[in-house]
Amino acid sequence: MSALQVTWLREVRTFRRSFTGYVPIALFLSVVGWTFVMSLRKSDGGVLQLQTIWGVSVSPWIPVLCSVLTMRLFAEERATGMIDLLLVIPMRERTLVFGKFLSALTLTVLAVSLSSLLPLVIVPWLSPALKSALHPAAFAMTGIILLLQSALWCAVGTMVSVFFRNQTMAAVASILLCGGIPLAFYAVILVWLPEFRLNATWMPLITNVYDFSTGLVSTYAIVFYLVMTGLSLFICSKTLALLRLRS
Amino acid sequence: MLEVKNITFSYNTQETLGNITFDAAPGEILAIVGTNGAGKTTLLRLLACLLMQDSGNTLIDGVDSLTRPIAYRAKIGYLSERCPLYEEMTVEEYLTYRLRLKGERQFRVRRRLDEVIAQCRLDDHRKTMIRLLSFGFRKRVGLAEALTAHPPVLLLDDPLAGLDLPQRKQTAEVLTSVSGRSAIILAGHEISFLLEWCTRFLVLHRGRLVGSYRVNDYEKDLLQRKIEQLMTYGSEEVGPL
């Protein structure tokens, strides 16, 4: 078993044993369910498809879930002093970071998958007429964009966790950063680069979900999410390495 | 063999360790002593790659901590002063986790686990949750963890702190038994007790190495007084012995 697998397994087991996994996922599913039902009511008779309503209901809550799931990853290790024992292990910092990131992503994917039961199972059961409106391929595409977004927010949360010893502070900072990234991007475009406003329409998170769920797959968006995820994890592992210089 | 060559380290601009040079080979139990703030923990953290020196080199069997940090870290076992552990794990789970994290092959994990558990006398607490252990047993788990991968160099930061006399004696027995295959470097305060089983003393005073003594070369009472004087004044020439 590699160090990556060992780290991942330990974190997933910790989530399984503690409330830090169950409670956020339960709350996430409740909020997503409520948002989905409200959106379904609002769009009654409209043109939005079921997978789009599901994607748009899930997407805004993923940053919150990821922030809560990732808050303890490094903050707890730093608070208890376990970070020293992890840094003494003969493995690269990026292995440690990636193992922890994957554990949070696993739980996020689990939560998002559970939320898909609502449009895929419950709604068709309640209203058999809607069964014909289900398109598995379109659901899969919506799932892909939600997976990309989950990876980005988990990476941002993991990165933020390295900077704090207090888990709550890490979660708050992570939520602010997750909300702040899209807002800052928009502000930059609107204030300094208004001529690129139209070119940047692929950026908004909800628009991405809408596009993917209707079959408009954007390579820009995929590259953007992958690059930002990689960048966040890179910053995280370098910050961890820097702890040796300044602790 | 551990070789420390002219290590210097500063926190911000204040020099914490200056020009430290020594070596240690398997078979040696080397005690680093000094008053609080002398730089013992900082020196051990430098040797454990948890801090990076401003200048100088640290090598284990020729492997440099700066140029080949991962290979270097594979050769050390470390016990920190606070002895942090994962509270939600049992002793066995924790030691297995650490062994696997260190890259130990699957077929060796069980053997190594049984070895260290027997060595540190943790048999009765194998399945006990770590949060239910007393401080003394937690220290033993930390020590067992440091011993798991049979490292050629063991770095122990105050392994006796907070232990009662029987536990200290047990720790000393364990360390003496593994000293044949590992060079043991430990920080501590209890000079009279350390003199019973350590083979060499390094005395730090305000970040400087002010004395190095082999226990066999001196009469124990005289050596204890020498060390205490050095710890306090930084020189053998100040005050009566």
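No experiment lies behind these values; they were computed from the predicted model shown.

A.B. asks: Looking at this model, I keep getting lost on the layout of surface pockets. Mind explaining?
C.D. replies: In this approach the atoms are scanned with a rolling probe the size of a water molecule, which exposes any empty space left behind. Roughly 470 Å³ of volume is contained in the largest pocket. At the level of elements, α6 (93–115) and α11 (219–246) of chain A together with α2 (69–73) of chain B are the ones that each hand at least two residues to the lining of the largest pocket. When its residues are assigned to classes, the lining of the largest pocket shows 12 nonpolar, three polar and six charged. The volume enclosed by the second largest pocket comes to roughly 300 Å³. Lining the second largest pocket we find 18 residues, and of these A:Gly81, A:Ile83, A:Asp84, B:Arg45 and B:Arg82 sit closest to its centre. Of all elements in the fold, only α5 (82–88) and α11 of chain A together with α1 (40–47) of chain B reach the threshold of two or more residues within the lining of the second largest pocket. The element best represented in the lining of the second largest pocket is α5(A), accounting for three residues.

A.B. asks: So what exactly am I meant to see when it comes to the domain arrangement of chain B here?
C.D. replies: By a frequent convention, interface size equals the accessible area lost on bringing the separate parts together. Residue and element names in this part refer to chain B. Domains assigned within chain B are domain 1 (2–75 + 151–233) and domain 2 (85–150). Each of domain 1 and domain 2 has a C-alpha centre, and the two are 24 Å apart. Of the roughly 1,300 Å² buried between domain 1 and domain 2, counting both surfaces, carbon and sulfur atoms make up 57%. The largest contributions to the domain 1 side of the interface with domain 2 come from Pro-151, Val-174 and Arg-181, which together make up 35% of the buried area. Scanning the region where domain 1 abuts domain 2 turns up one salt bridge. At the surface where domain 1 touches domain 2, the tally comes to three residue pairs in polar contact (both at pLDDT 80 or more). Mapped by element, the contributors of at least two residues to the side of domain 1 that touches domain 2 are β7 (153–157) and α6 (165–178). Top contributing element to the side of domain 1 that touches domain 2 by residue count: α6, with eight residues. Class assignment for the residues of the side of domain 1 that touches domain 2 results in 10 nonpolar, five polar and four charged.

A.B. asks: Looking at this model, I keep getting lost on the packing of helix α3 (residues 50–58) of chain A against helix α10 (residues 205–213) of chain A. Mind explaining?
C.D. replies: Geometry of a packed helix pair, given as the angle between the helix axes and the separation of the axes. All names here are of chain A. Look at α3 against α10: their axes get within 9 Å of each other, and the N-to-C directions meet at 155°. When the axis of α3 is compared with that of α10, the two are roughly antiparallel. Where α3 crosses over α10, the two elements pack in a sense that is right-handed. Across from Gln-51, Thr-52, Gly-55 and Val-56 in α3, the residues of α10 making contact are Ile-206, Val-209, Tyr-210 and Ser-213. Of the residues assigned to the contact of α3 with α10, the class counts are four nonpolar, four polar and no charged.

Calculation notes
Residues numbered from 1 in each chain as written. Chains lettered and ligands numbered in written order. Predicted model: local features only at pLDDT ≥ 70, side-chain atom pairs only at ≥ 80, totals over all residues. Heavy atoms only, no water. 1 Å grid on protein atoms, 1.4 Å probe; cavity = no way out; pocket = protein on both sides within 12 Å on 5 of 7 lines; lining within 4 Å. Points joined across faces, edges and corners; volume = space filled by probe spheres on them. Helix = DSSP H or I, 4+ residues; strand = E, 2+ residues; numbered from the N terminus. Nonpolar A, V, L, I, M, F, W, Y, C, P; charged D, E, K, R; others polar. Domains from an automatic or database assignment. Buried area = accessible area lost by both parts, 1.4 Å probe. Salt bridge = Lys/Arg side-chain N within 4 Å of Asp/Glu carboxyl O. Polar contact = N/O pair within 3.5 Å; in protein donor to acceptor, adjacent residues only side chain to side chain. Axes fitted to C-alpha atoms, helices over the stretch in contact; angles between N-to-C directions. Parallel < 35°, antiparallel > 145°, perpendicular 65-115°, else oblique. Left-handed = near helix turned anticlockwise from the far one by under 90°. Contact = heavy atoms within 4.5 Å.

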